[in-house]
Amino acid sequence: MGKTYDRIDGRLRSFIESQPLFFTATAPLSGDGTVNLSPKGLTGSFAVLDEQTVAYLDFAGSNAETIAHLRENGRITLMWCAFQGPPTIVRVHGRGEAVFRDDPRFPELLRHFPEIEPGRHGLRAVIVVTADLVRDSCGYAVPLMTYEADRDLHGKRFAREDDASLSEYFTKKEHIATSLDGLPGLPLPLPPSTV
C-alpha cells in the first residue's frame, strides 16, 4: 500500500497542491516536551519550491510551537489527506526552518505566494521544509467531506494590524516568544516587514 519516494513530483505534487488543508507536526528534543500538531489552510499559502523543498506561510496565531521546535532541532512532518476523491495520504518528513521577515531570503520566498497579501494575515515567517523522506499510503479510513470555502475570519482579524500593533499583540500572548516548554519562539519585537 504505502510507497517511499525520493522527490516531490508528478502525481504527489499535484495531489498536495490540490489539498485545501494540511497538517504540521513538530516536537522538542526533550522526551517529556509537548508534541505540536497544527492544521494549515488558506488558499495560496503553500508552495512546492522544487522536488525536495516546500514552503508555507506562518501567520499570526496564539502560539509559536512550530517555530520554537524548528529553531531547536529542525524536525518536521507535513501531512495531507484526501477528504474528496481517491483515498490518499502523503507525508513529507524533513528539516524545516523559519525564515523571518528580516531575513534577506524573505522577499524572494514571498514571490511563491502571489495569491496572498502579506499584511492581511499578520505574516510572521515563511516555513521552508527540505524533504528527507516522502511517503504515501491509503486513506481508506479518512472520511469523505466536502470543502466549501476558506474562512475569512483570520484575514478580517489581522488586516487591521500594522507592524507595531502586531508586535504588541504577540508580546501579550503567553506562548509566542517562548513555547509551552520554554523554548525560544518568535523573535520579538517583530522585525518590520520588508515587503
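Report follows, based on the coordinates. (Residues numbered from 1 in each chain as written. Predicted model: local features only at pLDDT ≥ 70, side-chain atom pairs only at ≥ 80, totals over all residues. Heavy atoms only, no water.)

**Observations concerning the overall build of the protein chain**
So, step 1. Regarding its fold elements, the protein chain presents five helices and eight strands.
So, step 2. Walking the protein chain from its N terminus toward its C terminus, one meets helices and strands in the order β-α-β-β-β-β-α-β-β-α-β-α-α.
So, step 3. In summary, the protein chain has a C-alpha radius of gyration of 17 Å against a globular reference of 16 Å for 195 residues, a match within 12%.
So, step 4. Oriented by its inertia axes, the alpha-carbon framework of the protein chain measures out at about 50 × 40 × 30 Å.
So, step 5. Among the 195 residues that make up the protein chain, the fraction classed as buried is 46%.
So, step 6. Expressed as a percentage of contacts within the protein chain between residues at least 6 apart in sequence, the contacts between residues at least 24 apart total 73%. (Helix = DSSP H or I, 4+ residues; strand = E, 2+ residues; numbered from the N terminus. Rg over C-alpha atoms; globule rule 2.2 N^0.38 Å. Buried < 20%, exposed > 50% of the residue type's maximum accessible area, 1.4 Å probe, protein only. Contact = heavy atoms within 4.5 Å.)

**Let's talk about the pattern of salt bridges**
So, step 1. Under the defined criterion, the tally for this structure stands at twelve salt bridges.
So, step 2. Residue R13 pairs with E17 through a salt bridge whose shortest N-O separation is 3.1 Å. Of this pair, R13 and E17 both sit in helix α1 (residues 10-18), separated by four residues, roughly a single helical turn.
So, step 3. Accessibility expressed as a relative area gives 30% for R13, which makes it partly exposed.
So, step 4. When the shortest N-O distance is used, the salt bridge between K156 and D152 registers 3.1 Å.
So, step 5. Accessibility expressed as a relative area gives 52% for K156, which makes it exposed.
So, step 6. Look at D152 and you get partly exposed, because its relative accessible area is 40%.
So, step 7. Here the salt bridges share partners, and the residues they tie into one network are D6, R7 and E51. (Salt bridge = Lys/Arg side-chain N within 4 Å of Asp/Glu carboxyl O.)

**Observations concerning the environment of V90**
So, step 1. Take V90: it is sitting in strand β7 (residues 88-100).
So, step 2. Through-space distance from the C-alpha of V90 to that of M79 is 5.7 Å; in sequence the pair is eleven residues apart.
So, step 3. Ignoring any residue separated from it by four or fewer positions in sequence, one finds V90 in contact with L12, F15, I16, L78, M79, W80, V134, R135 and D136.

**Some words on the pairing of strand β8 (residues 125-138)**
So, step 1. Here three bridges tie strand β1 (residues 3-5) to β8, and the two strands are oriented antiparallel to one another. Bridge assignment links T4 to a residue of β8, and that residue is R135.
So, step 2. Pairing geometry for strand β5 (residues 53-58) and β8, over six bridges, is antiparallel. Paired with L57 across the bridge in β8 is V126. (Pairing = 2+ DSSP bridges.)

**Quick notes on the packing of aromatic side chains**
So, step 1. Using the criterion set out here, one finds six aromatic pairs in the structure.
So, step 2. These aromatic residues form a ring-pair network of at least three members: F22, F46, Y56 and W80.
So, step 3. Lying over the aromatic face of F158, R157 brings its terminal NZ or CZ to 4.5 Å of the ring centre.
So, step 4. Here R157 stacks its cationic end above the ring of Y169, 4.9 Å away from the centre of that ring. (Phe/Tyr/Trp six-rings, centres within 6.5 Å; stacked < 30°, edge-to-face > 60°. Lys NZ or Arg CZ within 6 Å of the ring centre and 35° of its normal.)

**Focus: the pairing of β5**
So, step 1. Among the six residues that make up β5, six are buried, leaving the element largely enclosed by the rest of the structure.
So, step 2. Sheet topology note: the strand β4 (residues 46-50)/β5 ladder contains four bridges and is antiparallel. Counted as the bridge partner of V48 is V54 from β5.
So, step 3. Taken together, β4 and the strand that follows it, β5, pair antiparallel across an intervening segment of two residues.

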